[in-house]
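# Overview (structure and organization)
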Amino acid sequence: MADRLRRDIGTDRRLLLLVGLVVGFASAAVVAALYLTSHRPPEHASDVATIVAITGLIAAGTVVKVPLRIRSTTHAITWVEAAVMIGLGVAPAEWVVLSTAVGVAGGSMFLRLSPLKTAFGAGKNALVAAAAGGVLHLFGWQGAAAEPLEMIVPLAAAYAVAAVVDDVLAIPVIALAAQASIVQKFRSNWDLRLAGFAVRFVVVLCTLVPLHADRRFLIAMPFLILSLHLSYSARVRYRVEREAWQRLAQVTDALNDVDLDAVLSSAVTRAAELFSVDEVEVELHDRPRLVRGNARGVTYDGPADRAPATTGSVIPRALEGHDGRADVGELRLRVRGQVKLSERERYTLRTFASALCTAVRNASAYEELTRVADEHARAAAHDALTGLANRRQLLEHGTELLANRHADGVTALVLIDLNHFKEVNDTLGHAAGDRVLVEVASRLRQEARPDDLVARLGGDEFAVLITGLPAPAIAAHRAEGLLAALHVPMALDGMRISVEASGGIAVAPGSGGMPELLRRADVAMYQAKRSGQRTATYARARDTADVGRLALGGDLPRALTQHEFTVTFQPIVDLGSGEVLAAEALARWHHPDRGNLDPLRFLETVERSGLLPAFADAVLDQSLVAAGAWRDAGFDLPVAVNVSPRSLLDPRFPSSVVARLRAHDLPPDRLFLELTETLTISQLEVVDQVLGQLRDAGVRLALDDFGTGYSSLSVLSRIPVHELKIDRGFVREMESSPEAAAVIRSTLDLGRSLNLVVVAEGVESEPQRRALWEMGCTAGQGHLFARPMPSARLLAALHRGSGGRPGTLAPALHDEGSVIRLSPGRRAGGRNRGDRLPHLPA
């Protein structure tokens, strides 16, 4: 409001300044005309009659005009310049200047115009007469006594100057009064003004020709001008009305929008131009909203009771349809002064208000339809109870994500199923069960990251789609965080209950899309439930839906009898010195049709076939034979053999292991049995006797793939393992993933605290080796040192050594004297590596 008031004050000051300049220059012209008239006064009565006639003609031209309203101000198109040019044709210029000033002033007072308008009109037209008279003087004008053809050029030049001066003086004043662009006003209706000037010039010529014969014809000129005025007024009125209807059509077209904000904004700005008013308001009744603006834009949009106060007269119009019903609001036109609309403008206002009413109703209906559609779309894609995404949304979002994935990390799905949730419903009722589900949804949503999608698939089953993982192994850590959040007790009907859940983790496959990812997570989740784990990661070897694996079951007996199962060995190396500390046995199936198969392809089949003991004996025998051969060659290296959890359920397994150690004449501490981290407390309770027998026999235990599961600490609290093995996924990603590096550091800290050897799997580059060594990891295995190889080839590599040092596979990172060995060790031929526990340099 203050800004608009300042603009109005600034406009009024510029307007007064411009009017003052015009009146000042006109006063000088009038004084000059008086001076010249005093030296050449009228000599005859005919001269006086001529002056009176010119003055009357100019006064008639002032009174007879075409009105044009701009906001609260009505402007007019007059015949004054034509009367002035006629006067210049029959009398000296100084007489005409004085007659113009007097005639315009008299006509303006007759019309009861304000003093400011009277002064401006008289001054402007006096300057027009002076300018035209000056041009005629330059041409040596002799008056109407000249021949008609001789009058055309001087009169045309004088009239052109008069027309230009008239526009230059009048249009800026009109533009400032209307607060519009001066350039735009010059361009507006230029063709109509040009045609009017041409018509009036022809009138001037036609008038001066009879005056050439007799000046008494001057008395008839007012009647001629009146006739021409009526014709010209009709033409102007037709032009104005046609443009008004065109603008109305354009404005109503602009209202055809489904966006209510756009409709209201267009209404106030277009209506200000259409009706030439200072301000327009639209107030809606069904909501406390008022939109106010002018031709430059919206100035207020908000509650009606908070709108700033305004001044000026108001022309209201109810927003109602043609049937007079559906009163949705009110349209208000505001001007700073008093104005009365013409009949055409009143009809235009009714038409515009009706169109605006229809547009508001249509936009409001569309807005409601959009809201309902959004609600239906959300209901179709979200769970009504928890507000989470539902199965449909999960599949659609996941499908789009997998279709557009690039190099933005790994995508994984965690499928979560609440354990014993039926007991909550049966005991406390379904209402309590619903509150538990809502709380579970809230906790999952809080634990998930912003880019993750949390969904409820139905019942007590939830899913979390995780994106942007730096490594597949990180998915298990995220899953543990989700399930740990659920394990915190929650208050329910005065009780504190804990929610237990099982989670299945699956990494997005290369093919199969979202349905396959969901199926794999479901397989992993049920694997977790069957094994009593909190989480399980999908492994194809455990996927009972793999038809190809079923065919392998029939080939197992033949593979055992024909010794198709072989063992290769990958050395475990001291990261600092490069010495070989041990070797891990890796079973392979040399299938005659399928080629070499790794354990993930066949181990589940072996475990379900009933041939697991025979398979375990075959692998163990080959491993112990290799260890004996290395020992006989002077390299007393322990051998590590992976053990299936099902083997630990066999009471005969410990005695079988001890018998084979004795058969191959190997001490029990030369054998490491690697246990997977998938062991759980429930399994430990079952296999505790088996593990105790192995421990008592002196067999060493290692925990494989440490960090990928969440039974780790539980296992460590029950089993006195001697070694931890960091999963290769963390080693691969440790340079780019802070999370992977943090897992490695925490594992190393745990190993130091429990005095355990920590072995890093998957070391493939010197930077990884050095980084692990600097973190405090002293042992590792991977392709940097050697790929899995047969026993004989490993023995040859040990003999060959690295840099002339037998028993090593890599150059040392440090001097030999900088390594502290905690136990002297035992070795045939002085090369016992199995008991060494390497530590950081002193």
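Read on for an overview of the structure. (Residues numbered from 1 in each chain as written. Predicted model: local features only at pLDDT ≥ 70, side-chain atom pairs only at ≥ 80, totals over all residues. Heavy atoms only, no water.)

Per the secondary structure count, the protein chain includes 27 helices and 23 strands. The buried share of the protein chain, reckoned over its 842 residues, is 49%. Taking the intrachain contacts of the protein chain between residues at least 6 apart in sequence as the baseline, contacts between residues at least 24 apart amount to 69%. When the accessible area of the protein chain is evaluated, it comes to approximately 39100 Å², of which 57% is carbon and sulfur surface. (Helix = DSSP H or I, 4+ residues; strand = E, 2+ residues; numbered from the N terminus. Buried < 20%, exposed > 50% of the residue type's maximum accessible area, 1.4 Å probe, protein only. Contact = heavy atoms within 4.5 Å. Areas by Shrake-Rupley, 256 points an atom, 1.4 Å probe, with all protein chains shown as cover.)

Right, let's talk about the side chain of S647 for a bit. Of note, S647 is situated in the loop between β18 (639-642) and α21 (653-663). Exposure remark for S647: the relative accessible area of 7% places this residue in the buried category. Setting aside its immediate chain neighbours within four residues, S647 contacts L612, A616 and F653.

On to the packing of aromatic side chains. Here the structure, examined in full by the defined rule, presents six aromatic pairs. Geometrically, the ring pair formed by W589 and F602 is edge-to-face, given 5.7 Å between the ring centres and 85 degrees between the ring planes. Here the residue W589 occupies a position in strand β16 (residues 580-591), and F602 occupies one in helix α19 (residues 599-609), the gap between them amounting to 13 residues. Overall, the relative accessible area of 0% leaves W589 in the buried class. (Phe/Tyr/Trp six-rings, centres within 6.5 Å; stacked < 30°, edge-to-face > 60°.)

Moving on: the sheet that holds strand β9 (residues 453-458). Within the open sheet, the five strands sit side by side as β9-β10-β8-β13-β14. Their pairing is mixed. Since the sheet does not close on itself, it has two edges, and those belong to β9 and β14 (535-537), each with one partner. Averaged over neighbouring strand pairs, the angle between their axes works out to 20 degrees when direction is ignored. (Pairing = 2+ DSSP bridges. Axes fitted to C-alpha atoms, helices over the stretch in contact; angles between N-to-C directions.)

Strand order in the open sheet made by the five strands is β5-β4-β3-β7-β6, with antiparallel pairing throughout. Strands with a single pairing partner mark the edges of an open sheet, and in this sheet they are β5 (297-302) and β6 (313-319). For this sheet, the mean angle separating the axes of adjacent strands, direction not counted, is 15 degrees. Sheet analysis places strand β3 (residues 279-284) next to strand β7 (residues 329-335), joined by six bridges and oriented antiparallel. Opposite E279, over in β7, you have R334 as the bridge partner.

So, about the pairing of strand β13 (residues 501-507). One face of the sheet, then the other: side chains in a regular strand alternate in exactly this way. Burial runs high along β13: six of the seven residues are buried. Judged from the seven bridges that link them, strand β8 (residues 410-418) and β13 form a sheet pairing that is antiparallel. Of the residues in β13, the one forming a bridge with L413 is A506. Two elements, β13 and β14, share three bridges in a ladder whose sense is parallel. The residue of β14 that forms the bridge with I505 is T537.

Its location among the elements puts E766 in helix α26 (residues 766-775). Between the C-alpha atoms of E766 and L575, which are 191 residues apart in sequence, the distance is 9.9 Å.

So, to be careful, I would describe these as geometric facts and stop short of saying anything about function.
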